[in-house]
Amino acid sequence: MALPQRKTDIGPPHYKQFLPPVIQKNYGDWKYHEVLTPGSMVHVAESGDKLWTVRMASPRILSTDTIREICALAEKYCDGYLRFTSRNNVEFLVSDEKKVAPLMKELKDQKRTVGGIGPMISNVVHTQGWVHCHSACTDASGLVKSMMDELHDYFTTKELPNKVRLAVACCVNMCGAVHCSDIAIVAVHTKMPEINHDNFKNMCEMPTVIGACPTRAISPDPAKKSVKINPDKCMYCGNCFTVCPPISIKNPERDGVAIVVGGKVSSLRSNPKFSKLVIPYISNEPPRWPKVVAAVKHIVDVYAKNAKKHERVGEWIERIGWERFFSLTGIDFTFQSIDDFTFMRDTMRTASTFKW
Ligand code: SF4
Ligand code: SF4
């Protein structure tokens, strides 16, 4: 029987058909841009044409009703044109300057949050959490909502020395940007996985499971037709669970989050950096995660007070030194922040320069 006809391998629609006419006309010929307010900017083309952008926060997980409401605003003020940014903000693209103020007013009337442009905190890049992923050891949407409620002023009005990029990942797979953000939350397990040996032989591929462990803690257990885990080597990454569901690592009482800081992706002034572990564990406290939120807010406040203009969090820390970062923030330095993995030597201090 012939397969029914179906369209395949057609790729995404070409992006150029969705560009406002002013961008189509001036494509590649932009002269400069200017930030007008924390939520608006203007791009000026070589031809003199202008395009105004109004940026609105979004919680990323949106209902179709909300998307329709956003589309209605774009129809009214932007001839139907808008875009989503790489941090999941919504940007209204306005070709007519007279429509910028009315759009801003309507967004305010609708209690939408406008901001995130310039040296501020923009949206938090985050993951699926308990909404949708089987390996989450914290929630993403709930945690992000709690954080952004507390940091709201830094999105809308309050300037920082430079932009501060926040990210959340709900397990150490780190979907998204936690490894390269100024301040990020990454969820962690803190207990050994438990193995359901009866299911192992039916559901798992032994070489894959053994190969999945970064510390080689897993070895065959022939008597059980399963595997065993060396408790001295396991560091609770959960990778074995990813490839073999009968190795269960979830533990509602002990799962929590760690905080890493100092990462960035741009090459401006200094090279991109990975973020580094400063708080190894805070327990999950849904629905508002007060300790996590307070810790993030505290780091932002200390950075805002002490960093020089234009310094990103990681640049500030490298200038003052990590020991000074810990003393300024009052964060306890624990052994967990000392690297003991493959490239640990590069993270050791191999000089006598340090501050008491
Ligand atoms: S970070 Fe982990 S738990 Fe979160 S969405 Fe990615 S794989 Fe799932
Ligand atoms: S949790 Fe990670 S370290 Fe522990 S056994 Fe599984 S893969 Fe290995």
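Before reading on, note that the structure itself is shown above.
Model, not experiment: these values are computed from the prediction. (Residues numbered from 1 in each chain as written. Chains lettered and ligands numbered in written order. Predicted model: local features only at pLDDT ≥ 70, side-chain atom pairs only at ≥ 80, totals over all residues. Heavy atoms only, no water.)

Peer 1: Please clarify how the sheet that holds strand β3 (residues 50-56) should be interpreted in this entry.
Peer 2: Sheet strands associate in pairs through backbone hydrogen bonding, adopting either a parallel or an antiparallel arrangement. What the 5 strands build is an open sheet, ordered β1-β2-β3-β5-β4; its pairing is antiparallel. Two strands lie at the open edges of the sheet, namely β1 (30-37) and β4 (82-84), each paired on one side alone. Averaged over neighbouring strand pairs, the angle between their axes works out to 25° when direction is ignored. Here β1 pairs with strand β2 (residues 40-45) via 6 bridges, running antiparallel. In the strand pairing of β2, Trp30 is matched with Ala45. (Pairing = 2+ DSSP bridges. Helix = DSSP H or I, 4+ residues; strand = E, 2+ residues; numbered from the N terminus. Axes fitted to C-alpha atoms, helices over the stretch in contact; angles between N-to-C directions.)

Peer 1: Which parts of the structure should I look at to understand the environment of Leu62?
Peer 2: With respect to the helices, strands and loops of the structure, Leu62 is situated in the loop between β3 and α2 (64-78). Sequence separation between Leu62 and Lys158 is 96 residues; the distance between their C-alpha atoms is 27 Å.

Peer 1: Is there a simple way to explain the site of ligand 2 in this structure?
Peer 2: Residues in contact with ligand 2 amount to 14 residues; listed here are only the nearest, Cys213, Cys234, Cys237, Gly238 and Cys240. Its atoms largely coinciding with the cavity grid, ligand 2 occupies the largest cavity. The class makeup of the residues in the shell around ligand 2 is 11 nonpolar, 3 polar and no charged. (Near = heavy atom within 4 Å. 1 Å grid on protein atoms, 1.4 Å probe; cavity = no way out; pocket = protein on both sides within 12 Å on 5 of 7 lines; lining within 4 Å. Sits in = over half its atoms within 2 Å of the grid points. Nonpolar A, V, L, I, M, F, W, Y, C, P; charged D, E, K, R; others polar.)

Peer 1: Before we go on, may I ask you to explain the state of the cysteines in this structure?
Peer 2: In protein chemistry, a disulfide is the covalent bond that joins the sulfur atoms of two cysteines. For the structure shown, the criterion picks out 1 disulfide. Between the sulfur atoms of Cys204 and its disulfide mate Cys244 the distance is 2.0 Å. Residues Cys204 and Cys244 are joined by a disulfide whose S-S torsion is about 80°; by sign, that bridge is right-handed. Placement of Cys204 in the loop between α6 (197-203) and α7 (206-212) and of Cys244 in the loop between α8 (239-243) and β11 (247-248) is noted, with a sequence separation of 40 residues between them. For Cys204, a relative accessible area of 13% gives the class buried. Note on Cys244: relative accessible area 0%, which makes it buried. Cys71 forms no disulfide, and the closest cysteine sulfur to it belongs to Cys78, at a distance of 11 Å. (Disulfide = S-S within 2.5 Å. Buried < 20%, exposed > 50% of the residue type's maximum accessible area, 1.4 Å probe, protein only.)

Peer 1: What am I meant to see in the packing of aromatic side chains here?
Peer 2: For any pair of aromatic rings, the description rests on two quantities: the centre-to-centre distance and the angle between the ring planes. Applying the stated rule across the entire model yields 8 aromatic pairs. Consider the rings of Tyr303 and Trp316, whose centres lie 5.8 Å apart with planes at 65°: the pair is edge-to-face. With Tyr303 in helix α9 (residues 290-306) and Trp316 in helix α10 (residues 313-320), this pair connects stretches of sequence that are 13 residues apart. Here the aromatic rings of Phe326 and Phe333 are separated by 5.0 Å at their centres, their planes lie at 90°, and the arrangement is edge-to-face. The exposure class assigned to Phe326 is buried, which follows from its relative accessible area of 9%. Taking relative accessible area as the criterion, Phe333 reaches 49% and is therefore assigned partly exposed. Grouping aromatic residues by their ring pairs yields a cluster made of Tyr303, Trp316, Trp322, Phe325, Phe326 and Phe333. (Phe/Tyr/Trp six-rings, centres within 6.5 Å; stacked < 30°, edge-to-face > 60°.)

Peer 1: Would you explain the pattern of salt bridges in this entry?
Peer 2: Pairs can form between side chains of opposite charge whenever their charged atoms are close. On inspection of all chains with the given rule, the structure shows 18 salt bridges. A salt bridge links Asp198 to Lys201, with the shortest nitrogen-to-oxygen separation between them at 3.9 Å. Taken as a pair, Asp198 and Lys201 lie in helix α6 at a separation of 3 residues, close to a single helical turn. When its relative accessible area of 56% is taken as the criterion, Asp198 is described as exposed. Between Lys224 and Asp221 there is a salt bridge whose closest N-O contact spans 3.6 Å. Since its relative accessible area comes to 42%, Lys224 is described here as partly exposed. (Salt bridge = Lys/Arg side-chain N within 4 Å of Asp/Glu carboxyl O.)

Peer 1: Please clarify how the site of ligand 1 should be interpreted in this entry.
Peer 2: The full set of residues close to ligand 1 is Thr127, Gln128, Cys133, Ser135, Ala136, Cys170, Cys171, Asn173 and Cys175. Looking at the shell around ligand 1 residue by residue, the class counts come to 5 nonpolar, 4 polar and no charged.

Peer 1: Quick question: what am I supposed to make of a nonpolar patch on the surface here?
Peer 2: Together, Phe333, Phe335, Ile338, Met344 and Met348 line one region of the surface with nonpolar side chains, adding up to about 500 Å² of accessible area. Mapped onto the secondary structure, Phe333 falls in the segment after α11 (322-329). (Patch = residues over 30% accessible without salt bridge, like charges linked within 9 Å, V, L, I, M, F, W, Y side chains within 5 Å. Areas by Shrake-Rupley, 256 points an atom, 1.4 Å probe, with all protein chains shown as cover.)

Peer 1: Please explain the environment of Arg319 as it appears in this structure.
Peer 2: Tracing the backbone shows Arg319 in helix α10. By relative accessible area, Arg319 is classed as partly exposed at 37%. Note: C-alpha distance between Arg319 and Ala2 (317 residues apart in sequence) is 68 Å. If we skip the residues at most four places from it in the chain, Arg319 touches Asn306, Ala307, Lys308 and Glu311. (Contact = heavy atoms within 4.5 Å.)

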